[in-house]
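Structural features, examined
One letter stands for each residue in the lines below.
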Amino acid sequence: QVQLVESGGGLVQAGGSLRLSCAASGGTFSRNAMGWFRQAPGKEREFVAAIAWNDRTLYGDFVKGRFTISRDNAKNTVYLQMNSLKPEDTAVYYCAADGAPYGLGSTATSYDHWGQGTQVTVSS
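Residues numbered from 1 in each chain as written. Predicted model: local features only at pLDDT ≥ 70, side-chain atom pairs only at ≥ 80, totals over all residues. Heavy atoms only, no water.

Evaluated as defined, the whole model comprises one disulfide. In this model, C22 is linked to C95 through a disulfide, with the two sulfur atoms separated by 2.0 Å. Negative torsions about the S-S bond denote left-handed disulfides, and the value of about -75 degrees found for C22 with C95 makes this one left-handed. Placement of C22 in strand β3 (residues 18-25) and of C95 in strand β9 (residues 91-101) is noted, with a sequence separation of 73 residues between them. (Disulfide = S-S within 2.5 Å. Helix = DSSP H or I, 4+ residues; strand = E, 2+ residues; numbered from the N terminus.)

Over the atoms rolls a probe the size of a water molecule, and in doing so it shows where empty space is left. Approximately 180 Å³ is the volume attributed to the largest pocket. Lining the largest pocket we find 13 residues, and of these R38, K43, E46, E88 and D89 sit closest to its centre. Among the residues making up the lining of the largest pocket, the classes are represented as three nonpolar, two polar and eight charged. (1 Å grid on protein atoms, 1.4 Å probe; cavity = no way out; pocket = protein on both sides within 12 Å on 5 of 7 lines; lining within 4 Å. Points joined across faces, edges and corners; volume = space filled by probe spheres on them. Nonpolar A, V, L, I, M, F, W, Y, C, P; charged D, E, K, R; others polar.)

Another aspect to go through is the sheet that holds strand β7 (residues 67-72). Judged by pairing direction, the sheet is antiparallel, and its four strands sit side by side in the order β1-β3-β8-β7 without closing on themselves. The open sheet is flanked by β1 (3-7) and β7, the only strands paired with a single partner. When strand polarity is set aside, the average angle formed by the axes of neighbouring strands in this sheet is 15 degrees. Pairing of β1 with β3 involves five bridges; the strand directions are antiparallel. Among the inter-strand pairings, E6 is bridged to a residue of β3, identified as C22. (Pairing = 2+ DSSP bridges. Axes fitted to C-alpha atoms, helices over the stretch in contact; angles between N-to-C directions.)

Here you go:
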């Protein structure tokens, strides 16, 4: 059974940085896209970033160079480095994995496996 476990969330001041990690188990995802989404209270789930098997990346429009997604296939782990954090980045951040190889999507329906989420809170 596939499991995705996020870590690295927490409370940070505006302008600060956090690095989220997502460790996958129960499968190998070196050929699959991995993504990050977020959901703030009262809002819809929003695409943050995704990385393909060949390290091609996609980012949500709001990222504007502040976040970087990367992956370590040897560790079956994907990372999200978040810099210059703003209060509006406060949300639960979810890791996701595409069940099919060689894709790269920016919609939630592109992903088949989801983590439980990690809270990121940015204070002003």
